[in-house]
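Structural overview
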Amino acid sequence: MPVWKVRGGNELSGSARVQGAKNAVLPILAASLVGGGVFRLRNCPRLKDVDASIEILRHLGCAVEREEDAITVNSAGMRDNHIPHALMLKMRSSVMYMGAILARTGEVRLSTPGGCELGSRPIDLHLKALETMGAEVRDAGAEVVCRAPGGRLRGAHVNLDFPSVGATENVMLAACAAEGETVLTNAAREPEIVDLQRCLISAGAEISGAGTPEIHIGAFRPRPETEHRIVPDRIEAATLLCAAASAGGDIELRDLAPAHIDTVCACLRDMGCRIVCGADTVRLRTPKRLRAGRPVITKPYPGFPTDAQALLMAACLRAEGTAVFVENIFESRYRHADELRRLGADIRVEGRVAMVTGVHRLTGAPLTAWDLRGGAALVAAGLAAEGETQVFDAGHIERGYDDLAGKLRSLGADVVREE
Ligand code: UD1
């Protein structure tokens, strides 16, 4: 695993382009299986999770080519419906292949994802939804087999008990090949779901409602070729803004959708940052000292994203006053707090609540990245610490960011990556 070395003290300045969204490109790569045609995707970030997805697609028999930010998948030759354990392990989100493979072949076999660094990651909502559409599910502990009797699911009214992002995507993909219309209620509303819908429409699906709690999925007449540009990554944008808030400075982000990070910008404004949004730009300037803002309560979109919780926490470490965080989406998402304390941060965690009281000084220390966003938060905090912060196990960060170290360097940070 690589180690990132961060020497704190430099303010950030300049302009950076936001990458395509990890959480959009992954389900869209899975979606390329459904119709059996060619998907030409643009604005694809270079990430470990994308590499793992390409490995899965190739394992299943697809031809995949990659050139700069473009990925072309031809799924005509798909011949397998089983994802082996070793490939599932490489990427948490491979569970979203369930709906796509089921739609294409009528049967899918996957090893179950099990727990991960954010706590147990059950897939009960995915399975229940597919069962409502007629799937026969055999859950044998280590492996799940889903089968559509007669090779085809049937459209149904599927209600999710919780607006799970992955379950929403799985239902959208599975329903494309079902007989009759599917109505999905209490669906997740994330911008990446809207992006998946846009891509599926280009691919020939009759689908509407993404971005609202009710999605309708009707007939699918697959087109031989689909072109799609991946939506900008709102979490990478939030990361760069939080990094600048932590380090201090004046940065501009380009090629993003400012509306997708409204809640993050509202919190940063509350903390004293000046933020000006253009059509596809956001500029952030920090005050002399940040102050603790309103409580940060993670919720499904359009609420504050759980993926930005650790990052905003990093930005609060030296703010005046006490900032309160409430994590509602994942049961165990404060591991970064223990690491941040090693820099001298004052953080108390009680169950789902964390309280951060600003300190005047942070001092660099060796830290461990336990997960993707938590790892990025350690880097953001290191920018504000005196001396050197080493972030071990930084491979977690590289699962979701396309050269974050390089981007931070281009904004003036002193961050190097070592193998
Ligand atoms: C997606 C994102 C991830 C983000 C998360 C929440 C991708 C690739 N990943 O993950 O970055 O942090 O949304 O915004 O898009 N749950 C169940 N049973 C299920 C499914 C989920 O109990 O069957 C629970 C999970 O344990 C978790 C919560 O629901 O506590 C949210 O999960 P979900 O929205 O499904 O997240 P992911 O799709 O895994």
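Here, the structure is the one placed above.
Now for a quick tour of the structure. (Residues numbered from 1 in each chain as written. Predicted model: local features only at pLDDT ≥ 70, side-chain atom pairs only at ≥ 80, totals over all residues. Heavy atoms only, no water.)

**Observations regarding the site of the ligand**
Near the ligand there are 18 residues, and of these D124, L125, S164, D307 and I329 occur at the shortest range. Here G166 contributes a backbone N or O atom positioned 2.7 Å from an oxygen atom of the ligand. A total of 740 Å² of accessible area belongs to the ligand in isolation, and the protein chains cover 84% of it. If one sorts the elements of the shell around the ligand by residue count, helix α5 (residues 124-132) sits on top with 3 residues. Residue contributions to the shell around the ligand reach at least three from each of two domains, namely domain 1 (3-19 + 232-418) and domain 2 (22-229). (Near = heavy atom within 4 Å. Polar contact = N/O pair within 3.5 Å; in protein donor to acceptor, adjacent residues only side chain to side chain. Areas by Shrake-Rupley, 256 points an atom, 1.4 Å probe, with all protein chains shown as cover. Helix = DSSP H or I, 4+ residues; strand = E, 2+ residues; numbered from the N terminus. Domains from an automatic or database assignment.)

**A closer look at the state of the cysteines**
Throughout the structure, instances matching the rule amount to 0 disulfides. Just so you know, C146 is unpaired, no disulfide at all, and the nearest cysteine sulfur is the one on C176, 17 Å from it. Looking at C267, it has no disulfide partner, and the nearest cysteine sulfur is the one in C316, 8.4 Å off. By relative accessible area, C267 is classed as buried at 7%. (Disulfide = S-S within 2.5 Å. Buried < 20%, exposed > 50% of the residue type's maximum accessible area, 1.4 Å probe, protein only.)

**Let's talk about the pattern of salt bridges**
Taken as a whole and judged by the stated rule, the model has 21 salt bridges. Its salt-bridge partner being E236, residue K407 comes within 2.6 Å of it at the nearest N-O pair. Taken together, the residues K407 in helix α14 (residues 404-410) and E236 in helix α8 (residues 234-247) connect sequence positions 171 residues apart. Relative accessible area serves as the criterion here: at 14%, K407 is assigned to the buried category. Judged by relative accessible area, which is 1%, E236 ranks as buried. A salt bridge links R417 to E398; the shortest N-O distance between them is 2.7 Å. One end of the pair, R417, is in strand β24 (residues 414-418); the other, E398, is in helix α13 (residues 395-398), with 19 residues separating them in the sequence. A relative accessible area of 12% places E398 in the buried class. Taken together, the shared-partner salt bridges in this structure form one network comprising E398, R417 and E419. (Salt bridge = Lys/Arg side-chain N within 4 Å of Asp/Glu carboxyl O.)

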